[in-house]
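Geometric and topological summary
Now for the letters of each chain:
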Amino acid sequence: NTLTFDLGDSVYDFTTDYIYNNSPESLQPVYNAMSKIGYDAITLGNHDFDYGYDYIVQQLDASGLMNKCVLSNVYSAVKGKSVFGVENKIMSVKVGILGETVPSLSSKEEKLKGKLVTEDILENAKKQAAALKKQGADIVIALAHSGFGTNNPKKKAGDMAYMLTTVDDIDM
């Protein structure tokens, strides 16, 4: 009767940099470990994008975590659709899950323009939570890679956790 989630920034440190720079085709050890734990769902943090879109997709595919990845507020700039697994997930226990990350994505040099676009965490979460409830979710959980924030955040802020507590359709 448990669910196991991860909120992102799984690849973010000097070890990650070393593996990325010296053996970019190798699976990052943290993703190997995560695949063995049996997560029910994961979302990505902004630093997961530090190594580029293609790299994170390769890592998720190689680890078998792509089908566990729920990232609701990141879309393909070309197709306009979610690029990480599914936009939302309803599990057999009727738990709806949505995932949000910092809209700025990466702080490193790679340019994501033309590849990915993001939506404001709060706006997206309201929309996705309502859709999950409409699809039959009894409980909606927001996996948010986010700072805590205030009750008056700026648009596309990365610290929206407090504001997510104000969304009626989000239970956790």
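Throughout what follows, the structure given in this document is the object of discussion.

Cut-offs and rules
Residues numbered from 1 in each chain as written. Predicted model: local features only at pLDDT ≥ 70, side-chain atom pairs only at ≥ 80, totals over all residues. Heavy atoms only, no water. Helix = DSSP H or I, 4+ residues; strand = E, 2+ residues; numbered from the N terminus. Buried < 20%, exposed > 50% of the residue type's maximum accessible area, 1.4 Å probe, protein only. Areas by Shrake-Rupley, 256 points an atom, 1.4 Å probe, with all protein chains shown as cover. Lys, Arg positive; Asp, Glu negative; His and termini not counted. Charge placed at Lys NZ, Arg CZ, Asp CG, Glu CD. Phe/Tyr/Trp six-rings, centres within 6.5 Å; stacked < 30°, edge-to-face > 60°. Pairing = 2+ DSSP bridges.

A tally of helices and strands in the chain yields five helices and seven strands. Listing every helix and strand of the chain by position from the N terminus yields β-α-α-β-α-β-β-β-β-α-β-α. Projected onto the principal axes, the alpha-carbon positions of the chain cover approximately 45 × 40 × 30 Å. Across the 172 residues in the chain, those meeting the buried criterion constitute 49%. Working note: accessible area of the chain is about 8,900 Å², and carbon and sulfur atoms make up 52% of it. The chain carries 17 positive and 22 negative side-chain charges, and their two centres are separated by 6 Å.

Residue Asp9 is not a glycine yet carries a positive backbone phi of 60°. Asp9 sits in the partly exposed class, given a relative accessible area of 22%. Non-glycine residue Lys156 carries a positive phi angle of around 60°. Structurally, Lys156 can be placed in the loop between β7 (139-144) and α5 (161-164).

Once that is clear, we can look at the packing of aromatic side chains. Scanning the entire structure with this criterion turns up four aromatic pairs. Taking 5.8 Å as the distance between ring centres and 50° as the angle between the ring planes, the aromatic pair formed by Phe148 and Tyr162 counts as tilted. Taken together, the residues Phe148 in the loop between β7 and α5 and Tyr162 in helix α5 connect sequence positions 14 residues apart. Overall, the relative accessible area of 57% leaves Phe148 in the exposed class. Given the relative accessible area of 30%, Tyr162 is considered partly exposed. Aromatic rings pair up to connect Tyr20, Tyr51 and Tyr55 into one cluster.

Let us look at the pairing of strand β5 (residues 95-100). Most of β5 sits inside the fold, with six of its six residues counted as buried. Going residue by residue along β5, you find Val95, Ile97 and Gly99 tucked away on one face and Gly96, Leu98 and Glu100 tucked away on the opposite face as well. Alignment of β5 against β7, held across six bridges, turns out to be parallel. Bridged to Gly96 within β7 is Val140.

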